[in-house]
Amino acid sequence: MNFPELKKLPAIWLSMIFLIILLGLLKIAEPEFELVSWITVFIHATFALFVLSTIPMRLRTILIWAFLVRLMFMIWDIYARSIFVLPNSGADALMYYGSSLKISEDITLLNLQVRGGIYAKMIGTLFYIIGPQRMVAQYINVLTGLFVIIVIYKILIILEINSKVRQNILLIAAFFPNSLVMSAIFLREIIPTYFVAVSLYFFILWFKKEKLVNILLSFLMLAFAAVFHSGVLGIFVGYAFFFLFYDKKYNKFLFNTQTILTFAILVVIALFAVSQFGNILLVKFKGVEDIEDIYLQANKRLGESAYLKGIQINSPALFLLFGPIKAFYFLTSPLPMNWRGGMDIFTFVFDSSLYFITIWYIWKNWKFIGERNVLIIALIITLVGVAFIFGIGVGNAGTAVRHRQKIIPLMLILLAVMMDEKQRYQERRYFNKAVNRIIHQTHI
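Residues numbered from 1 in each chain as written. Predicted model: local features only at pLDDT ≥ 70, side-chain atom pairs only at ≥ 80, totals over all residues. Heavy atoms only, no water.

1. A closer look at the nonpolar core
No. 1: Among the nonpolar cores identified, the biggest contains 124 residues, and Phe67, Tyr139 and Phe203 are the most heavily contacted of them.
No. 2: For this core, the element with the most residues is helix H6 (residues 134-158), which contributes 18 residues.
No. 3: Leave out the neighbours within four places in its chain, and Tyr139 touches Met16, Val41, His44, Ala45, Ala48, Phe67, Leu71 and Met74. (Core = buried A, V, L, I, M, F, W, Y, C linked by side-chain atoms within 4.5 Å. Buried < 20%, exposed > 50% of the residue type's maximum accessible area, 1.4 Å probe, protein only. Helix = DSSP H or I, 4+ residues; strand = E, 2+ residues; numbered from the N terminus. Contact = heavy atoms within 4.5 Å.)

This is the structure in structure tokens:
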């Protein structure tokens, strides 16, 4: 699908690639890295703002401010840490930076397993080319965060979400506090978030047009996201269910021997992929070799923000019973009964509440669902699948906040469709009342 209003946006990434190549060719001396980083970011940010100024007014305003705020968060993270350290920009961020530096100094480490995984290797390679320019690395995260918003905008347009709902969802995507932070600090979270958003984009395209290439691209983008964190593979559950059982002709789910058999074959293929390529795709679940290891992972709780401390999972029945509860806590913690102070309250208000309100909104407004009920069901199954996978592996609120950032595009699109369905229902009801009133007056 073409988006003429966005046709100049690829120039932002192309120009960034050009600057990276140029920096690699110039071989800047180490004492000048900080100055070069400032010049590089300033030049590219100015060009990016010029490109953003070419798109329509409402979207332009949101994107420009989203970009500038992320830039400010990035600068704060690098130069004002002594005043206040941004959430999640602690030990893990330093670990990723340290691993990236080691790889840049010894590029042969790319062939070995290192702390920080694929993200550290990616940034380490960047540092090997341009030198250890931390600001440039974090600026790439800023750009990635910006393009997450753009992909969400494209999905909203494809789904024909009304302008008011679209505006509200874009504002959340642009200025959601956790997204701002994750787009600015030295963490990998925004990279899989972007690939999840693009995967969802192709998923929605298939829903609208049913072209095989969109299925393949959707799975490919999801695989890219899984390379950075395998927990997002839970999204596959919803995709597989929709791709196999949705019949566009009748706009409903149809179950037959062929589709059920195909689903079973996909499960076998998935199991084979895990057994053969688990070291790549499931690096975050390493050590999980049998059912006892899964129980051990499900019972793992670290840090002061740990939740559900009294639950012990040591059987399949308890796994199925408490799995949904852990999935709910993953999406909504820290809940009020677990608050320890002001930071937990802040986290709930400015992060957890979005997920909690979305769940509540779906429950309360289910009766308004119309012709897009199959899409909503598929998105809910997708959300449940990925929340279940993450919920089993996560046992504290701090880690949950980081990991659920990866699925915020899914959450926002689900919320958008629900809000749009409710508005359409109200418009149909208003229209029917108006028609009945006219008919009644005519009869009189």
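2. Points about unusual backbone geometry
No. 1: That bond from Ser333 to Pro334 is cis: its omega, 5°, falls within 30 degrees of zero.
No. 2: Structurally, Pro334 is set in the loop between helix H14 (316-332) and helix H15 (342-364).
No. 3: Phi at Asn88 is positive, roughly 75°, even though this residue is not glycine.
No. 4: When you line up the elements, Asn88 lands in the loop between helix H3 (57-79) and helix H4 (91-105).

3. Section: H6
No. 1: A rise of 1.5 Å per residue sets the reference length of H6, with its 25 residues, at 36 Å; its end C-alpha atoms lie 37 Å apart and thus fit the reference within 8%.
No. 2: Summarising burial for H6: 23 of the 25 residues are buried, a large majority.
No. 3: At the exit of H6 stands Glu160, carrying a positive phi of roughly 60°. (Expected span 1.5 Å × (residues − 1).)

4. Observations regarding a positive patch on the surface
No. 1: The grouping of Lys364, Lys367, Arg429, Lys433 and Arg437 at the surface amounts to a positive patch.
No. 2: Broken down by element, the residue count for the positive patch peaks at 3 residues, all from helix H18 (residues 408-443).
No. 3: By relative accessible area, which is 48% here, Lys364 ends up partly exposed. (Patch = residues over 30% accessible without salt bridge, like charges linked within 9 Å, V, L, I, M, F, W, Y side chains within 5 Å. Areas by Shrake-Rupley, 256 points an atom, 1.4 Å probe, with all protein chains shown as cover. Salt bridge = Lys/Arg side-chain N within 4 Å of Asp/Glu carboxyl O. Lys, Arg positive; Asp, Glu negative; His and termini not counted. Charge placed at Lys NZ, Arg CZ, Asp CG, Glu CD.)

5. Side note on the packing of helix H2 (residues 33-52) against H3
No. 1: Interhelical geometry of H2 versus H3 gives an angle of 170° and a closest axis separation of 10 Å. As judged from the angle between their axes, H2 and H3 are roughly antiparallel. Of the residues in H3, those in contact with Glu34, Trp38, Val41, Ala45, Ala48, Leu49 and Leu52 of H2 are Arg60, Leu63, Ile64, Phe67, Leu68, Leu71, Met74, Ile75 and Tyr79.
No. 2: Here the residues of the contact of H2 with H3 sort into 14 nonpolar, no polar and 2 charged. (Axes fitted to C-alpha atoms, helices over the stretch in contact; angles between N-to-C directions. Parallel < 35°, antiparallel > 145°, perpendicular 65-115°, else oblique. Nonpolar A, V, L, I, M, F, W, Y, C, P; charged D, E, K, R; others polar.)

6. Considering a nonpolar patch on the surface
No. 1: There is a patch of nonpolar side chains on the surface, built from Trp76, Ile83, Phe84, Trp339, Met343, Ile345, Phe346, Val349 and Phe350 and spanning about 860 Å² of accessible area.
No. 2: Looking at the nonpolar patch element by element, the count peaks at 5 residues for H15.
No. 3: Tracing the sequence through the fold places Phe350 in helix H15.
No. 4: Assessed through its relative accessible area of 40%, Phe350 is described here as partly exposed.

7. Here's the deal with the packing of aromatic side chains
No. 1: Applying the stated rule across the entire model yields 39 aromatic pairs.
No. 2: Each ring, one from Tyr194 and one from Phe195, has its centre 5.7 Å from the other, and the planes form 65°; the classification is edge-to-face.
No. 3: Given the relative accessible area of 24%, Tyr194 is considered partly exposed.
No. 4: Note on Phe328 and Tyr329: the rings are 6.4 Å apart at their centroids and 80° apart in plane angle, and the pair reads as edge-to-face.
No. 5: A relative accessible area of 30% means that Phe328 is categorised as partly exposed.
No. 6: Under the relative-accessibility criterion, Tyr329 is labelled buried at 12%.
No. 7: Sitting over the ring of Tyr97, Arg134 keeps its end group 4.9 Å from the ring centre. (Phe/Tyr/Trp six-rings, centres within 6.5 Å; stacked < 30°, edge-to-face > 60°. Lys NZ or Arg CZ within 6 Å of the ring centre and 35° of its normal.)

8. As for the pattern of salt bridges
No. 1: If you walk through the whole model with that rule in mind, you get 11 salt bridges.
No. 2: The network of salt bridges with common partners includes Asp92, Arg188, Glu189, Arg402 and Lys406.

9. Description of the packing of helix H5 (residues 117-130) against H6
No. 1: Look at H5 against H6: their axes get within 10 Å of each other, and the N-to-C directions meet at 130°. One way to sum up the angle between H5 and H6 is to call them oblique. The handedness of the crossing between H5 and H6 comes out as right-handed. The segment H5 lies against H6, with Tyr119, Ile123, Leu126, Phe127 and Ile130 engaging Arg134, Val136, Ala137, Ile140 and Asn141. (Left-handed = near helix turned anticlockwise from the far one by under 90°.)

10. Observations concerning the confidence of the model for the protein
No. 1: Mean pLDDT over the protein: 84, with 85% of residues reaching 70 or higher.
No. 2: By mean pLDDT, helix H13 (residues 291-298) is the weakest element of the protein at 42, and H6 is the strongest at 97.
No. 3: Long-range and interchain partners of residues 274-283, a stretch whose pLDDT sits below 50, account for 12 contacts in this model, where long-range means more than four residues apart.
No. 4: The model gives residues 285-299 a pLDDT under 50, and that stretch makes 21 contacts with residues more than four places away or in other chains. (pLDDT = per-residue confidence, 0-100.)

11. Notes on H4
No. 1: If you check H4, its first and last C-alpha atoms are 21 Å apart, about what 15 residues at 1.5 Å a residue would give, namely 21 Å.
No. 2: Among the residues of H4, Ala93, Met95, Tyr96, Tyr97, Ser99, Ser100, Ile103 and Ser104 are the ones counted as buried.
No. 3: The inward-facing, buried residues of H4 abut H5, H6 and helix H17 (397-404).

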